[in-house]
Every structure is written in C-alpha cells, then in structure tokens.
Amino acid sequence: GINAEYGKQWYQRRVRGRDCFALSKLVGEEGEVVGIDMTKEQIEVARQYIDYHTTKFNYSAPNTSFVDGFIEDLSSAGLQPSHFDIIVSNCTVNLSPDKRAVLEQAYHVLKEGGEMYFSDIYTDTIQSKDVRSNMVLWGEGFAGSLHWKQLHQLAAQIGFSKPYLVSTKPVKMDRPEFKELLGDAKYCAATYRLFKLPARKYAGTCVLYDGSLPGHEDSLVLDHKTTLETDKMTCVSGDKVAALAASRFKDTLTFKELKEVDCVACRSRRIRLKFCV
C-alpha cells in the first residue's frame, strides 16, 4: 500500500550513525554497538566515521559496526538471536508499517533481561484509513502512530514486560492542513522501556540500589513512577522485580523479601508492606 512504501522510505531517515557513536562511548571499549539502516548511502556515511571515533575514544579497536537491513527483519541482517543487552530507537518505530514485526524481531535478538528503550509518537485515537494512507502524514510521523493501548497489547502478545513509561510530552499540531485531516486527535512523544522477561515469576520484593552506576550515583530511574534511591529500600511490584532481576542492572541491586522493612516510598505514604511502585 502507499503508506507502507512511504513509511519504508522515511522510517530510518534520522539515523546517520550519531546515536550509535554516542552509545559507543557509553558502553566502553569492551562493549559492542551495531547500527542498522535500510539505505546503503546512510550506512556508507556512518562507516566513514568509525575510525575517527575509535581514535577519539582512545580505543584499541572499533566497537561499532553498521549493517544494511530492515528493522522488521533483523535476523536477515545478520543480528544473532538472544545476543543484545539493549536496543535503542529514536522516533523510528512509528515510521515502520509493521510494528508487530519490529517488536517481534527486537524480542528475538535481545538477551533474557534485555531491554528495548525507545522514543516514539503516540495518539489517543485509532487512525482512520485516510490518515494512514496520507504520505505527508507518514513522513511527519503522525499516520504511523499507535494508540498507546495498542503498544500494551503488542508487548503482551509478543512476551515483553508491560511498557514502562519514562517520559512524555505533547506534540503540538501547528499546521492547519494537518489539523483538518487529523481532527481532534491528540499526539504525544513518549519514551518507553520494554524488557524481555525470564520465564520465572516473581513476587513483589524490596530492592536496594548501591549507587555504583556512573552518572546515577544518587538514584536509578526505572520509569516515571519508580525511582530507586541509593542505599534506601524501595518496595517494587513483581513485574518490575522480574525486569530488574534479569536486567543489566542486576549486579547493582539487592533483592530482599518483604518484611518489616524501612521502605522510603512506603513510609512517605504511611503504609507498610504494600507495593508503592
């Protein structure tokens, strides 16, 4: 269809490797970053800067590579199953015509406990056929926007944790021609986290964060509801325990059974032994 073709032309237009090189610095010399793009031209541009960043970061060898492929088919691009700790995407998924395939492939290549951390545009309505077939609205990210409930449904069907909302802000609709087409629909830019959960089920638990992550010495933010303050006990629900216990953060956390504990978050609400986050 016209929306699929237009979406494929646009859905990775913003990549150019810059996010990958920022991540290259964050993961360190022993880490690995793989960027994917559907356009050979973008891949060629990004590859030109691998040696520059290897030298800039004082690495003995590159830790970043770029592959030609589609986010709906990471396996065909050579990405190995159960290999990656985290997938980062910045306003890309909404530009793909097949969100289910994108999330299924992300799940496939993530390790158990791995995370998809991504920003995208969401709406409060189900898009009409006219909107979904409008090429300009696809390019602007509106036509491909999911209703937030659709994201929750897809995540559950595929096997991810429920989506944890990190941040959100409204997207202003300034162009009159867009308002005429979109009507009363509202849009927001939101950052979510999805975790590939282990098969084991967890009960709610008290969690103690040790503050050892660089840049997060005072606290570790899981989502807009859950902040683990350093050296302060916080009661966390079972689904979040499952995500944290298998995640890359697990070595910085101590999990304790629910007892008569001094939980900062619970105390602030004057309740004990109840899940506050």
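Re helix 5 (residues 99-109)
- Taken together, the buried positions of helix 5 are Lys99, Ala101, Val102, Leu103, Gln105, Ala106 and Val109.
- Of the surrounding elements, those touching the buried residues of helix 5 are strand 3 (84-90), strand 4 (110-123), helix 7 (135-139), strand 5 (146-147), helix 8 (148-158) and strand 7 (187-195).

Side note on unusual backbone geometry
- The phi dihedral of Ser82 is positive, around 50 degrees, even though this residue is not glycine.
- As for its placement among the helices and strands, Ser82 is situated in the loop between strand 2 (64-68) and strand 3.
- The exposure class assigned to Ser82 is partly exposed, which follows from its relative accessible area of 44%.
- With a phi close to 55 degrees, Cys91 is a non-glycine residue in the positive phi region.
- Its place among the elements puts Cys91 in the loop between strand 3 and helix 5.
- On the basis of relative accessibility, which here comes to 21%, the residue Cys91 falls in the partly exposed class.

Rules used in this analysis
- Residues numbered from 1 in each chain as written.
- Predicted model: local features only at pLDDT ≥ 70, side-chain atom pairs only at ≥ 80, totals over all residues.
- Heavy atoms only, no water.
- Buried < 20%, exposed > 50% of the residue type's maximum accessible area, 1.4 Å probe, protein only.
- Helix = DSSP H or I, 4+ residues; strand = E, 2+ residues; numbered from the N terminus.
- Contact = heavy atoms within 4.5 Å.

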